[in-house]
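Results of the structural survey
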Amino acid sequence: MKKFVLIFAIFIFQSGFSQQTDFLKIRKYRIAFLDDQIRETSGLNFFNGKLYTFNDSGNTPELFEIDKTSGKILNVLKINAKNNDWEALTNDGKNFYIGDFGNNTGTRKDLTIYKVPFPNDSLKNHQVAAISFYYPEQTEFVSKNTRNNFDAEAMIYLNGKLHIFTKEWAAKATSHYIIDPEVSENQKAEKIEAYNTNFVVTDASYFDQKLYLIGYTKKTEVFLDIFKETEPGIFFQETPKHYYLGSAMSIGQIEGIAVDEKGLYISGEKFKHPLGVVKQSLYFIPKEQLKD
């Protein structure tokens, strides 16, 4: 989410939190500053145990494999696709899925997910396919910059489907949509549930029957919600664990999360604010730091 500028508040706790909040300030968990080649990291995903990220809108269409302990770039995959506004990354073990569906203004009619074959860590660029979709609930496409409910930056692959979690600027909520990755024609995204997060969701990860949603508020508060999967592919039936991770003014604009058996990897893009600059960063939170 490249050009959005957060609104700052000196006292970010003034309004209070709407639900029970655990504090897990992640600044101390920073393990590396990322290379300037990925200063606009937006999305994070494990593929066969390797960690990948990319830059968002207007940047080159590349995936970067990064080292989990140092954040250094290990490999660069040049993708045969256009980066209009890449915002999410997931995979099914054979293919990457890149969500080119960033929609800050709410005017896009070309929402796309790129299916990128990557069997045995071998990129098949000539086989890249585009999956197009639309939100049936959206009936107007008048520009409402950061005031619309049809932006998205989060996606997981589960049970043979792609699951998108919207970034609802106006509602401060998220809706869970399903896309069929095997359908080639423009398809209707199926809405199955919604949740009032009170922050805008910027990435998602799924691991061990739990959904991890991360994002921030306009007051620079960064949050993490962890939902239990109560039915296959259903997450919003119970109240999640709710964590406050810190302020974007100290940890950056958080845009990526990936989870494995060891813990949580979180990435933030370079963030400029009136008091200074926070460099693009990679964080790691051991699973033992999360409350049951």
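Residues numbered from 1 in each chain as written. Predicted model: local features only at pLDDT ≥ 70, side-chain atom pairs only at ≥ 80, totals over all residues. Heavy atoms only, no water.

1. Topic: the overall build of the protein
Of the regular secondary structure elements, the protein holds 1 helix and 24 strands. Computed over C-alpha atoms, the radius of gyration of the protein comes to 17 Å, within 12% of the 19 Å expected from 2.2 N^0.38 for 292 residues, which places it in the range of a compact globule. Each of the three principal axes of the protein carries a C-alpha extent, and together these read 50 × 45 × 40 Å. Evaluated residue by residue, the protein yields a buried proportion of 56% over its 292 residues. Long-range contacts, defined as pairs at least 24 residues apart, comprise 54% of the intrachain contacts of the protein with a sequence gap of at least 6. (Helix = DSSP H or I, 4+ residues; strand = E, 2+ residues; numbered from the N terminus. Rg over C-alpha atoms; globule rule 2.2 N^0.38 Å. Buried < 20%, exposed > 50% of the residue type's maximum accessible area, 1.4 Å probe, protein only. Contact = heavy atoms within 4.5 Å.)

2. Regarding the sheet that holds strand β15 (residues 190-195)
Taken in spatial order, the 4 strands of this open sheet run β11-β12-β13-β15, and their pairing is antiparallel. The two strands at the open ends of the sheet, each matched to only one other strand, are β11 (151-158) and β15. The sheet shows a mean angle of 25° between the axes of neighbouring strands, taken without regard to direction. Both β11 and strand β12 (residues 161-167) contribute to a ladder of 7 bridges, which runs antiparallel. Within β12, the position partnered with Y157 by the bridge is L162. (Pairing = 2+ DSSP bridges. Axes fitted to C-alpha atoms, helices over the stretch in contact; angles between N-to-C directions.)

3. Focus: the pairing of strand β7 (residues 88-91)
Neither face of β7 is left uncovered, since the one carrying A88 and T90 and the one carrying L89 and N91 both have all their residues buried. Inspection of the sheet shows β7 paired to strand β8 (residues 95-100) by 4 bridges, in the antiparallel sense. Residue A88 lies in a different strand from β8, and its bridge partner there is G99. Counting the residues in the hairpin turn of β7 and β8 gives 3 residues, including G93, whose phi is positive at 95°.

4. So, the confidence of the model for the protein
Here the protein averages 93 in pLDDT, and 93% of its residues register 70 or above. Every residue in residues 2-16 scores below 50 in pLDDT, and together they form 35 contacts with partners more than four places removed in sequence or on other chains. (pLDDT = per-residue confidence, 0-100.)

5. Observations regarding the nonpolar core
Formed by 25 residues in total, the largest nonpolar core has its most connected members in I26, L224, L245, I254, I257, L264 and I266. Those elements giving two or more residues to this core turn out to be β17 (210-216), β18 (221-228), β19 (241-247), α1 (248-251), β20 (253-259), β21 (263-269) and β24 (281-286). Once residues lying within four places of it in the same chain are set aside, the contact partners of I254 are I26, T202, I214, Y216, V222, I266, S267, G268 and Y283. Core analysis: the next-biggest nonpolar cluster, separate from the first, contains 16 residues, A88, A152, I164 and Y177 among them. (Core = buried A, V, L, I, M, F, W, Y, C linked by side-chain atoms within 4.5 Å.)

6. Overview of the sheet that holds strand β4 (residues 50-55)
Judged by pairing direction, the sheet is antiparallel, and its 4 strands sit side by side in the order β3-β4-β5-β6 without closing on themselves. Strands at the two margins of the open sheet, each flanked by one partner only, are β3 (41-47) and β6 (73-78). Each strand axis lies, on average, 25° off the axis of its neighbour in the sheet, ignoring direction.

7. Observations regarding the environment of A88
By the element assignment, A88 lies in strand β7. C-alpha of A88 to C-alpha of F47: the two residues are 41 residues apart in sequence and 14 Å apart in space. In this structure A88 touches S42, F54, Y97, I98, G99, F101, E153, A154 and M155, once residues within four positions along its chain are discounted.

8. Brief notes about the side chain of S205
As for its placement among the helices and strands, S205 is situated in strand β16 (residues 200-207). Looking at S205, its side chain comes within polar contact range of the main-chain nitrogen of V259, at 3.2 Å. With sequence-adjacent residues up to four places away left out, S205 is seen in contact with I156, K210, L211, Y212, I257, A258 and V259. (Polar contact = N/O pair within 3.5 Å; in protein donor to acceptor, adjacent residues only side chain to side chain.)

9. Focus: the pattern of salt bridges
Considering all chains together, one arrives at 9 salt bridges under this definition. For K144, the salt bridge goes to E140, with nearest N and O atoms at 2.7 Å. (Salt bridge = Lys/Arg side-chain N within 4 Å of Asp/Glu carboxyl O.)

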